[in-house]
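The chain contents come next:
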Amino acid sequence: MFIVRWILGRIILLLNFVFAPKKRQRPQEQQATVDQQTQSLALYQYAACPFCVKVRREMRRQNLSINLVDAKQEQHKSVLTSQGGKLQVPCLRIEQDGKTQWLYESKAITSYLNERFA
């Protein structure tokens, strides 16, 4: 089972690389503002997870430079579990007004990104 999952993960990564979406073009000042806003965001993810790939594709499409955090590393896994409440990826950590929100589910994350940055 592990071999099948590993092979499928590599196929997903290859297809994502070959068919990567084009980045959105913004005026320089507007892109600088977006880049500043994305500094308060972090995406906890696994590289070959298809739902994480979906979110990363939307990040690329929107030209968002959100910090990617590998949730397989023990230190990040424990932060996700203790602060986020569960070990599930993708998970977007949103820091705003001194508060931290953890947003799960790829559809909810892409909706949030589209509403905030579209």
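Counting from 1, residues in each chain are numbered in the order their sequence is written. In keeping with the predicted nature of the model, local features appear solely for residues at pLDDT of at least 70, side-chain atom pairs appear and are counted solely at 80 or more, and the whole-chain, interface and lining totals rest on all residues. For the side-chain quantities, the full set of heavy atoms in the structure was used; hydrogens and water were omitted.

Asks: Go over the overall build of the chain with me, naming the residues and quoting the values.
Replies: What the chain contains, in helices and strands, is five helices and four strands. In sequence order, the secondary structure elements of the chain are arranged as α-α-β-α-β-α-β-β-α. Radius of gyration means the value over C-alpha atoms here, while the globule rule gives 2.2 Å times the residue count to the 0.38 power. Against the globule reference of 13 Å for 118 residues, the chain gives a C-alpha radius of gyration of 15 Å, in line with a compact fold. Across the 118 residues of the chain, 36% fall into the buried class. Contacts: residue pairs with any heavy atoms within 4.5 Å of one another. Contacts in the chain between residues far apart in sequence, at least 24 positions, make up 64% of those at least 6 positions apart. Using a 1.4 Å probe, the Shrake-Rupley method yields the accessible areas, and only the shown protein chains count as cover for residues. For the chain, the computed accessible surface area is about 7800 Å², with 55% contributed by carbon and sulfur atoms. Of the side-chain charges in the chain, 18 are positive and 9 negative, and the distance between the mean point of each set is 8 Å. Starting at the N terminus, helices and strands are each numbered in turn, a helix being any DSSP run of H or I of at least four residues and a strand any DSSP run of E of at least two. Under the scheme applied here, a residue whose accessible area is under 20% of the maximum for its type counts as buried, over 50% as exposed, and between as partly exposed, the area being computed with a 1.4 Å probe on protein chains only. The charged-residue count follows a simple rule in which Lys and Arg add positive charge and Asp and Glu add negative charge, with His and chain termini not counted at all. By convention, the charge on Lys lies at NZ, on Arg at CZ, on Asp at CG and on Glu at CD.

Asks: Tell me what's going on with the sheet that holds strand S4 (residues 99-104), and back it up with residues and numbers.
Replies: Any two strands between which DSSP finds at least two bridges are classified as paired. Spatially, S2-S1-S3-S4 is the arrangement adopted by the four strands of the open sheet, whose pairing is mixed. Bordering the open sheet on either side are strand S2 (67-70) and S4, each of which pairs with just one other strand. Taking each pair of neighbouring strands and ignoring which way they run, the sheet shows an average axis angle of 25 degrees. Pairing analysis gives six bridges linking strand S3 (residues 91-96) to S4, with the strands arranged antiparallel. Paired with Arg93 across the bridge in S4 is Trp102. Where helices are involved, their axes are fitted lines through C-alpha atoms of the stretch in contact, as for all axes, and angles between N-to-C directions lie from 0 to 180°. Sheet strands touched by helix H3 (residues 50-62): strand S1 (41-45) and S2. Its angle to S1, the strand with the most contacts, is close to 150 degrees. On top of the sheet, helix H4 (residues 74-84) reaches S1, S2, S3 and S4; it is set at about 105 degrees to S4, its chief contact.

Asks: Can you break down the UniProt feature "domain: GST N-terminal" (unreviewed entry) in the chain residue by residue, with the values?
Replies: UniProt positions are given in the numbering used here, feature names are shortened, and annotations may be inferred rather than shown by experiment. UniProt's entry tags residues 39-118 with the feature "domain: GST N-terminal" (unreviewed entry), counted in the numbering of this structure. Here residues 39-118 runs as 45% helix and 26% strand, with 17 Å between its end C-alpha atoms.

Asks: I'd like a rundown of the side chain of Thr38, residues and numbers included.
Replies: Note on placement: Thr38 falls in helix H2 (residues 28-38). A polar contact is formed between the side chain of Thr38 and the backbone oxygen of Asp35, at a distance of 2.8 Å. We define a polar contact as two N or O atoms separated by no more than 3.5 Å, with the added condition that, inside protein, one atom must be a possible hydrogen donor and the other a possible acceptor, whereas residues neighbouring each other in sequence contribute only through side-chain atom pairs.

Asks: Describe the nonpolar core, and please don't skip the residues or the numbers.
Replies: Residues belong to one nonpolar core when they are buried, are Ala, Val, Leu, Ile, Met, Phe, Trp, Tyr or Cys, and are joined through side-chain atoms within 4.5 Å. Judged by nonpolar contacts, the single largest core of 14 residues is most densely connected at Leu41, Leu43, Ile66, Leu92, Ile109, Tyr112 and Leu113. Where this core is concerned, the elements lending two or more residues are S1, H3, S3 and helix H5 (106-117). Among the elements that take part in this core, H5 stands out by supplying four residues, more than any other. Contacts of Tyr112, omitting those with residues within four sequence positions, involve Leu41, Leu92, Ile94 and Leu103. Membership of the second largest hydrophobic core comes to eleven residues, among which are Tyr44, Leu80, Cys91 and Tyr104.

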